[in-house]
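Summary of the model geometry
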Amino acid sequence: MEKLDLPRRGERKVPPLPMVAPWLVFPHGKDGKFHTFYNVCDDADVQLKKRYSNKFIPELSRKCFWQKNCHQGWLIVISNNTTDPNFGDCFLWNPQTLDAVQLHSILHYYETDKYCLQGCILTSPPHLNTTISNSSSSSNNSSDGDNYDKDYMVYLLFDGGHNNVDFTYVLLFCHPGEKEWRRHELIVSEEPQRMLYLKNKLLVMCSKYVYFRIDVQDGSDIDDDETLAVGARRSICPWNIMTHRKPGPAGGGLVRTLEEYFVESFGEVFKIEIWSIPRGSMIKEKPQTVFQE
């Protein structure tokens, strides 16, 4: 049974305490070995050195991680750095309790299939199964998932390449404790950009204001494996979004660029636009409600 090594540690290896707003985390050092946590809510007259904290967090060192509202504080951590000896490692981690749930490696999809990771999502936070006695030492908060309820799912979306017509994406999914990832191939004409989990539904947001809803189907009596069912292509009503504006000149011959993000909050999906120019200034548009499921 594989375990994560979580020895007792000093203050520098522990994340700072939660604040009113989430910390901004900046990786730095060789291959992102260290992290700086920055507090955006401190008063302006507070000295700068009191607004940030430099840390070396072993679980995050040389790794990428994802956090969304539905995770409720948990992170999906993936080692996608070839310099990391644990390249391809994947696990869930709670920065407050330091609890970790080991997932199956995704090394095969990086090295053999040469896929590019597009996004991750955790449908709900792991909850300890109270029917299982917790006899492990308090100095090791790791698990391979056997001590957790199986009512949540982890999804990983990989870019599998595209031709002149369609995009091919691979959606991996699993419950904690399962020994391998299950796989579902998506072939769509619009490019997937974000995944959201809203009201027990997995939504794949695509380009051209199109999205798909994906549901989990239980297996048959013969084959009890769950499968994924992709719903019909849906379009976001044009009257619910701002008229799309193409990036135009910003003066002095500079051209503005546009980035769009979809985020979920309190049962609604919002679109955030960020316009920027090469000199570094940014204009953030007011978030707009896109749709409700």
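In this text the structure is predicted, and so the values were computed from the model without any measurement. (Residues numbered from 1 in each chain as written. Predicted model: local features only at pLDDT ≥ 70, side-chain atom pairs only at ≥ 80, totals over all residues. Heavy atoms only, no water.)

1. Comments concerning the layout of surface pockets
Applied cut-off: Cavity: a set of points on a 1 Å grid over the protein atoms alone where a 1.4 Å probe fits but cannot get out. Pocket: an open set with protein on both sides within 12 Å along at least five of seven lines, its lining residues, like those of a cavity, having an atom within 4 Å of a point. Grid points are joined across faces, edges and corners, and a volume is the space filled by probe spheres set on the points. A helix here means a DSSP run of H or I that spans at least four residues, while a strand means a run of E at least two residues long, and both kinds are numbered starting from the N terminus.
The space that makes up the largest pocket amounts to roughly 1,900 Å³. Lining the largest pocket are 45 residues, with Pro22, Trp23, Leu24, Gln67 and Lys68 positioned closest to its centre. Elements with a minimum of two residues in the lining of the largest pocket: strand 1 (24-28), strand 4 (64-66), strand 8 (116-122), strand 13 (192-198), strand 20 (257-265) and strand 21 (268-276).

2. Describing the environment of Tyr261
Convention followed: The contact criterion used is simple: two residues touch if any of their non-hydrogen atoms lie within 4.5 Å.
Inspection of the secondary structure puts Tyr261 in strand 20. Between the alpha carbons of Tyr261 and Ile274 there is a distance of 8.4 Å; along the sequence they are 13 residues apart. Aside from chain neighbours lying at most four places away, what touches Tyr261 is Arg194, Phe270, Lys271, Ile272 and Ile274.

3. A word on the sheet that holds strand 1
Sheet strands pair by backbone hydrogen bonding; their relative direction is either parallel or antiparallel. Operational definition: For two strands to be treated as a pair, DSSP must find no fewer than two bridges joining them. Convention adopted: a line fitted to C-alpha atoms gives each axis, helices being fitted over their contacting stretch, and angles between N-to-C directions are expressed from 0 to 180 degrees.
Read across the open sheet, the three strands follow the order 1-2-3; overall the sheet is antiparallel. Bordering the open sheet on either side are strand 1 and strand 3 (52-55), each of which pairs with just one other strand. Sheet twist, expressed as the average angle between the axes of neighbouring strands with direction ignored, equals 20 degrees. One ladder, built from five bridges, connects strand 1 with strand 2 (residues 34-38); its direction is antiparallel. Paired with Val25 across the two strands is Phe37, which belongs to strand 2.

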